[in-house]
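In case you want the letters, here they are:
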Amino acid sequence: MARALSKLVRHALRTQSCSCEALAVSVRAISFSPRQVTSDAGFHSVSFSETDHPKVLITGGLGQLGVGLAKMLRRQFGKNNVILSDIRKPPSDVYHNGPFIYSDILDYKNLREIVVNNRITWLVHYSALLSAVGEANVSLARDVNITGLHNILDIAAEHSLRVFVPSTIGAFGPSSPRNPTPDLCIQRPRTIYGVSKVHAELMGEYFHHRYGLDFRCLRYPGIISADSQPGGGTTDYAVQIFHDAVKTGKFECNLRPDTRLPMMYITDCLRATLEMMEAPAEALSMRTYNINAMSFTPEELAHELQKVLPGLEVTYRIDPVRQAIADSWPMNFDDSNARKDWGWKHDYDLPELIQTMLNFIGSDSRIANAN
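Report on the accompanying structure. Here the residue numbers are simple positions, counted from 1 along each chain's written sequence. Selection of residues for local features in this predicted model requires a pLDDT of at least 70, selection of side-chain atom pairs for listing and counting requires 80 or more, and totals for whole chains, interfaces and linings are taken over all residues. With hydrogens and water excluded, all non-hydrogen atoms of the structure serve as input to the side-chain values.

## As for the overall build of the protein chain
Stage number 1. Numbering goes from the N terminus for both helices and strands, where a helix is a DSSP run of H or I of at least four residues and a strand is a run of E of at least two. If you tally the helices and strands in the protein chain, you get 14 helices and 13 strands.
Stage number 2. For the protein chain, the residues scored as buried account for 49% of the 371 residues in total.
Stage number 3. Taking the intrachain contacts of the protein chain between residues at least 6 apart in sequence as the baseline, contacts between residues at least 24 apart amount to 78%.
Stage number 4. To measure how exposed things are, a 1.4 Å probe is used in the Shrake-Rupley method; for residues, cover is taken only from the protein chains shown. In the form shown here, the protein chain has an accessible surface area of approximately 18000 Å², with 53% of it arising from carbon and sulfur atoms. Remark: exposure states derive from per-residue accessible area (1.4 Å probe, protein chains only) relative to the maximum for the residue type, with buried under 20%, exposed over 50%, and partly exposed in between. What makes two residues a contact is simply this: any of their non-hydrogen atoms within 4.5 Å.

Below, the structure written as structure tokens:
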């Protein structure tokens with residue numbers, strides 16, 4: 001039986017009518033992976049006509065930024081063209097507002113299948129352990145922030161994706177110029193979070209220059225959002241103070257009152273991300289840009305907030321871990337290249353930020369009290 005089958009196969013492969021099928025078999029058998037890339041390989045980003053939309057996958061989608069970015073992208077590209085993913089079960093409203101899928105960035109095969117099965121063309125990689133959380137679990141941070149990134153870059157290169165990986169003020173260190181901090185300077189961070197983000201910037205640029213991968217990256221300042229809870233970052237005091245001000249009228253800050261850091265309201269952050277992703281490749285003079293909106297200290301934020309809520313009491317109990325991290329970070333970002341190259345311009349300064357946050361959180365509190 002085996003000899004007869006072998007003879008039949010050899011005869012089929014010799015016939016002209018089967019040449020295409022034989023070729024297809026051989027192509028499928030040679031499965032390409034950038035982990036085994038040849039020296040002359042090249043990758044090219046997918047381009048879209050005016051009638052086409054990208055198909056977007058967002059990893060770490062249940063964090064501070066993922067849900068908001070998904071809403072923005074779905075308004076622009078259509079509900080079913082944006083897939084949120086995470087390893088946690090989504091809240092009911094997130095689950096019903098558009099496609100959601102389980103995705104573990106440490107599972108290369110699972111991630112690759114998601115990209116292939118959903119015909120993904122843009123990948124936004126938000127999965128990461130933040131600064132203070134990462135210091136508490138360096139091993140996990142190394143796995144998620146570095147090994148996970150390698151999986152993302154390999155798959156993005158293999159499937160010609162446009163990939164966005166955010167960086168951070170944490171990518172700088174105490175030897176960096178702090179006020180202002182330019183795009184290109186000494187970095188040398190002292191947290192595993194910062195080290196992993198510098199690694200991401202450099203690996204992304206390497207893949208771009210070596211293979212033509214369409215890698216794009218923004219260094220986010222501290223991001224302030226009303227509709228998500230603080231997630232373990234050093235700048236999270238600037239979110240928590242609004243919640244505590246409305247709920248209890250008291251706030252205990254874990255940073256010194258004079259600790260100046262760059263900040264941005266989440267709407268500006270998400271818009272900057274979309275604008276960066278849509279910018280023509282020829283407009284980008286670099287692959288990693290600083291973006292900024294405002295810069296303030298806890299004392300300045302409290303003072304402005306007390307103009308609206310004069311009864312707010314603010315005390316300080318310094319967390320030495322978070323304070324050491326903040327003291328190594330930029331006080332202000334120079335984002336002139338982003339403004340020049342692709343027209344970045346923020347909308348929210350401190351007064352607009354305070355009014356927006358209080359309107360949002362105050363409204364939520366009134367609804368909760370009524371219920």
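There's plenty left to go through after this.
## Brief notes about the pattern of salt bridges
Between side chains of opposite charge, a pair can form when the charged atoms approach closely.
Stage number 1. By salt bridge we mean one thing: a side-chain nitrogen of Lys or Arg within 4 Å of a carboxyl oxygen of Asp or Glu. Applying the stated criterion across every chain, the model contains 18 salt bridges.
Stage number 2. One salt bridge in this structure joins D327 and R256, with 3.3 Å as the shortest N-O distance. Highlighted residues: D327 in helix α12 (residues 320-327) and R256 in the loop between β9 (250-253) and β10 (261-265), separated in sequence by 71 residues.
Stage number 3. For D327, a relative accessible area of 28% puts it in the partly exposed group.
Stage number 4. Among the residues examined, R256 registers a relative accessible area of 32% and is labelled partly exposed.
Stage number 5. For K340, the salt bridge identified is with D341, shortest N-O distance 3.0 Å.

## A word on the pairing of β10
Stage number 1. Within β10, five of the five residues are buried, which leaves the element mostly enclosed by the surrounding structure.
Stage number 2. In β10, alternate side chains face the same way, and those of L261, M263 and Y265 on one face and P262 and M264 on the other are all buried.
Stage number 3. As judged from the three bridges shared by strand β8 (residues 222-224) and β10, these two strands associate in the parallel manner. What sits directly across from G222, in β10, is M263.
Stage number 4. Pairs of strands are assigned from DSSP output, requiring at least two bridges between the strands. The pairing of β10 with strand β12 (residues 294-296) spans three bridges and is classified as antiparallel. Paired with P262 across the two strands is S295, which belongs to β12.

## Here we look at the nonpolar core
Inside soluble globular proteins, nonpolar side chains tend to come together where they are buried.
Stage number 1. Joining through side-chain atoms within 4.5 Å is the link that ties buried Ala, Val, Leu, Ile, Met, Phe, Trp, Tyr and Cys residues into a set, and such a set is a nonpolar core. Residues I58, F242, F296 and W342 are the most contacted members of the largest nonpolar core, which totals 70 residues.
Stage number 2. Broken down by element, the residue count for this core peaks at seven residues, all from helix α10 (residues 266-278).
Stage number 3. Grouped together as the second largest cluster of nonpolar side chains are 28 residues, L111, I192, Y211 and L213 included.

## Here's the deal with the environment of D341
Stage number 1. With respect to the helices and strands, D341 occurs in helix α13 (residues 336-342).
Stage number 2. In the structure, D341 is positioned 65 residues away from M276 in sequence and 10.0 Å away in space, judged by C-alpha atoms.
Stage number 3. In this structure D341 touches A283, L284, S285 and Y289, once residues within four positions along its chain are discounted.
Stage number 4. A distance of 2.4 Å separates a polar atom in the side chain of D341 from a polar atom in the side chain of S285.
Stage number 5. For D341, the side chain forms a polar contact with the side chain of K340, separated by 3.0 Å. Within 3.5 Å is the distance limit for a polar contact, defined as a pair of N or O atoms, with the added protein rule that one can donate a hydrogen and the other accept it, and that residues adjacent in sequence qualify only through two side-chain atoms.

## A look at the packing of aromatic side chains
Stage number 1. The pairing test for Phe, Tyr and Trp rings, Trp by its six-membered ring, is centres within 6.5 Å, and the orientation test on the planes gives stacked under 30 degrees, edge-to-face over 60, and tilted for anything in between. Per the stated rule, a full pass over the model turns up nine aromatic pairs.
Stage number 2. Ring centres of F77 and W122 lie 5.5 Å apart, and the angle between their planes is 90 degrees; this geometry places the pair in the edge-to-face category. Here F77, found in helix α3 (residues 66-77), pairs with W122, found in strand β4 (residues 122-125); they are 45 residues apart in sequence, far enough to count as distant.
Stage number 3. For W122, a relative accessible area of 3% corresponds to the buried category.

## Concerning α12
Stage number 1. If you check which residues of α12 are buried, you get Q323, I325 and A326. Buried residues of α12, viewed axially, fall in a sector of 160 degrees; they line one side.
Stage number 2. In this structure, the buried residues of α12 make contact with α6 (131-136) and β10.
Stage number 3. Its side-chain oxygen 2.9 Å from the backbone nitrogen of V321, D319 forms the N-cap of α12. Comment: arc refers to directions from the helix axis out to C-beta atoms.

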